[in-house]
Amino acid sequence: MTFALIFDMDGVLIDSTKTNWEVHSKLLKEAGGNLDQEDIAFGLGRALKDIIPYWNNKYNLNLEINDYRNKANEMQFKLLADTKADEHLINLLKNLKQNNIPMAVATSSARHRTEIFLNIIKIKEYFDQIITSEDVSKHKPDHEVFLKAAEKLNIKPENCIVIEDAETGIQAAKNAGMKVIGYTYPQYSKEQIKTAHKVINSFSELSHEEFLKLLN
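The shown structure was predicted, so the numbers you read here are calculated from the model rather than taken from an experiment.

Moving on, we get to the packing of aromatic side chains. For the structure on display, the rule yields 6 aromatic pairs. The interplanar angle of 50 degrees and the centroid separation of 6.0 Å between the aromatic rings of F3 and F211 together place this pair among those described as tilted. Residue F3 is found in the segment before β1 (4-7), and its partner F211 is found in helix α9 (residues 208-215); the two are separated by 208 residues along the sequence. On the basis of relative accessibility, which here comes to 0%, the residue F3 falls in the buried class. According to the relative accessible area criterion, F211 is buried, its value standing at 0%. A ring pair is formed by Y183 and F203, whose centres lie 4.6 Å apart and whose planes are at 20 degrees; its orientation type is stacked. Separated by 20 residues along the polypeptide, Y183 in strand β5 (residues 179-183) and F203 in the loop between β6 (198-200) and α9 bring together distant segments of the chain. The aromatic ring of F42 is capped on one face by R46, whose charged end is 4.2 Å from the ring centroid.

Taken as a whole, this structure holds 1 cavity of 30 Å³ or more when the rule is applied. Considered as a void within the structure, the largest cavity measures approximately 430 Å³ in volume. What lines the largest cavity is a set of 27 residues, and nearest its centre among them are D10, N20, H24, R46 and R113. For the lining of the largest cavity, the secondary structure elements donating two or more residues are α1 (17-31), α3 (48-59) and α4 (65-79).

Quick look at the pattern of salt bridges now. Considering all chains together, one arrives at 16 salt bridges under this definition. E115 is paired through a salt bridge with K124; the nearest N and O atoms lie 3.7 Å apart. In the salt-bridge network here, residues are joined through shared partners; they are D36, E38, D39 and K58.

Conventions used here
Residues numbered from 1 in each chain as written. Predicted model: local features only at pLDDT ≥ 70, side-chain atom pairs only at ≥ 80, totals over all residues. Heavy atoms only, no water. Phe/Tyr/Trp six-rings, centres within 6.5 Å; stacked < 30°, edge-to-face > 60°. Helix = DSSP H or I, 4+ residues; strand = E, 2+ residues; numbered from the N terminus. Buried < 20%, exposed > 50% of the residue type's maximum accessible area, 1.4 Å probe, protein only. Lys NZ or Arg CZ within 6 Å of the ring centre and 35° of its normal. 1 Å grid on protein atoms, 1.4 Å probe; cavity = no way out; pocket = protein on both sides within 12 Å on 5 of 7 lines; lining within 4 Å. Points joined across faces, edges and corners; volume = space filled by probe spheres on them. Salt bridge = Lys/Arg side-chain N within 4 Å of Asp/Glu carboxyl O.

Below you can see the structure in the form of structure tokens.
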């Protein structure tokens, strides 16, 4: 059976979520806001172009998205410059590549940030397609990014498996008619990804056989 794997990036491929929110907290505080759990819950899995208007409205700010993105990216790149990819993830990607399984990244992040992060952890070569916020008009929790990935991989949505760490991404993948695996990120509980078809704590729990079992 021919199938494909579609990976979210932040919190799945790279251990960036905690650092990202620390950066947002600092920048938002400097602008006059105060990042809280409600902000984080809203922002998980969403594109910055959707988050900034939310903050501007909530805190009566006038954040300009491109300026904010550049500042946040610069801080994140420095803080995560020495980040290594999870060894179990690398083993999984190598196995999938050896078995000619099509793979894509589908993220709410911008392309520049996405490619830098994938290069930092040295895994860009494993992916056949990279779909970012710049490639779609609607963003997670909308399912356009996943449908675009399936189209680019030339695999039917029902034969795609998505790996996500956020509830918005899980819902988007399900709306696209795909199977979805919830990856438990250390900062968040299984409760937040319980609607996934399968929940894992480590990439070591995944294999070619497990993917086929999920699709059947």
